[in-house]
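Coordinate analysis (summary)
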Amino acid sequence: MFGPVLLLRIKAKICPCLESESEKYLREALCSLTNLPIRFYPTTSSSNDGGGVGGFVSGLFGKGAANISKVISGGKNGKLSIVDTAKGPSIYIKTELNVDSDDDDGGGDNGGAGQQKAETKTIPLKRIGIVAADDAFLSTSCVGIILYEKNRNFSDNDDDGSSGIELLRFDLRSMGNSNEVVNSESRDELLDKILMMVQWEG
């Protein structure tokens, strides 16, 4: 049985006349969100418990505290796609392996230790409640997006997901150079496409 994402991909190829206007926009969004280079970071709870260093920094810098956490963690490079899963259409992230690592020790008895394994992360679209821009604090070198879980306690003023559970925080990277960031205009276009896919599944 074909999943919704696969059907969206093949419908236009089999018979373009069957594709509606909305399906065309969804398919174009899906193409843009396939193997998208990103740098993602450890998720942090957005609940304001005020404890520890995180609470102290949040009190001083507000939203910027999360970006300070990004700098500390360093993040991981990966590729983002939208795929079919048992839980429905989902965001799927796979880390990029570091091909530049040198094995100067010559392997020896530790030959298997040099083999890297890509990490993966899957987030069903139906879990996502808010897709928000993540503008860097004290810097324009990172332009990102944050995904927050659906929260029945959201108020009308929670456009930035400030009272939700953070599912994913990532910066967008250039297709040609994974170490080069995209501009905010391109980020906003991709944000709209992610939101379109979330609303389609929701």
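Read on for an overview of the structure. (Residues numbered from 1 in each chain as written. Predicted model: local features only at pLDDT ≥ 70, side-chain atom pairs only at ≥ 80, totals over all residues. Heavy atoms only, no water.)

Re the overall build of the protein chain
Looking only at helices and strands, the protein chain has five helices and seven strands in total. Beginning at the N terminus, the succession of helices and strands in the protein chain can be written as α-α-β-α-α-β-β-β-β-β-β-α. When burial is assessed residue by residue, the protein chain has 34% of its 202 residues classed as buried. Contacts in the protein chain between residues at least 24 apart in sequence constitute 66% of all its contacts with a sequence separation of at least 6. Summed over its atoms, the accessible surface of the protein chain is roughly 12,100 Å², and 50% of this surface lies on carbon and sulfur atoms. (Helix = DSSP H or I, 4+ residues; strand = E, 2+ residues; numbered from the N terminus. Buried < 20%, exposed > 50% of the residue type's maximum accessible area, 1.4 Å probe, protein only. Contact = heavy atoms within 4.5 Å. Areas by Shrake-Rupley, 256 points an atom, 1.4 Å probe, with all protein chains shown as cover.)

Topic: the sheet that holds strand β1 (residues 36–41)
The strand order β4-β3-β2-β1-β7-β6-β5 describes an open sheet built from seven strands, whose pairing is antiparallel. The outermost strands of the open sheet, each flanked by one partner alone, are β4 (120–124) and β5 (128–135). Direction aside, the axes of adjacent strands within the sheet are offset by 30° on average. (Pairing = 2+ DSSP bridges. Axes fitted to C-alpha atoms, helices over the stretch in contact; angles between N-to-C directions.)

Observations concerning the side chain of Arg187
Tracing the backbone through its elements, the reader meets Arg187 in helix α5 (residues 184–201). Sequence-distant contacts of Arg187, that is, excluding residues within four places in its chain, are made with Ala133, Asp134, Asp135, Val143, Gly144, Ile145, Leu172 and Val182.

Looking at the side chain of Glu166
Relative to the assigned elements, Glu166 resides in strand β7 (residues 166–172). With a relative accessible area of 5%, Glu166 lands in the buried category. At a separation of 2.7 Å, a polar atom in the side chain of Glu166 contacts the side chain of Arg169. (Polar contact = N/O pair within 3.5 Å; in protein donor to acceptor, adjacent residues only side chain to side chain.)

A closer look at the packing of helix α2 (residues 21–32) against α5
How two helices sit against one another is set out by the angle between their axes and by the gap between those axes. Interaxial distance between α2 and α5 falls to 9 Å at its minimum, and their mutual angle equals 125°. On the basis of their axis angle, the class for α2 and α5 is oblique. Both α2 and α5 take part in a crossing whose hand is left-handed. Residue-level contacts link Tyr25, Leu26, Ala29, Leu30 and Ser32 of α2 to Leu190, Lys193, Met196, Met197 and Trp200 of α5. Its residues placed into classes, the contact of α2 with α5 shows eight nonpolar, one polar and one charged. (Parallel < 35°, antiparallel > 145°, perpendicular 65-115°, else oblique. Left-handed = near helix turned anticlockwise from the far one by under 90°. Nonpolar A, V, L, I, M, F, W, Y, C, P; charged D, E, K, R; others polar.)

With respect to the packing of helix α1 (residues 4–14) against α2
Where α1 contacts α2, the two axes come as close as 10 Å, and the packing angle between them is 110°. Overall, the two elements α1 and α2 adopt an arrangement that is roughly perpendicular. When α1 is examined against α2, the residues Val5, Leu8, Arg9, Lys11 and Ala12 are found in contact with a partner set consisting of Glu23, Leu26, Arg27 and Leu30. Of the residues contributing to the contact of α1 with α2, the split by class is five nonpolar, no polar and four charged.

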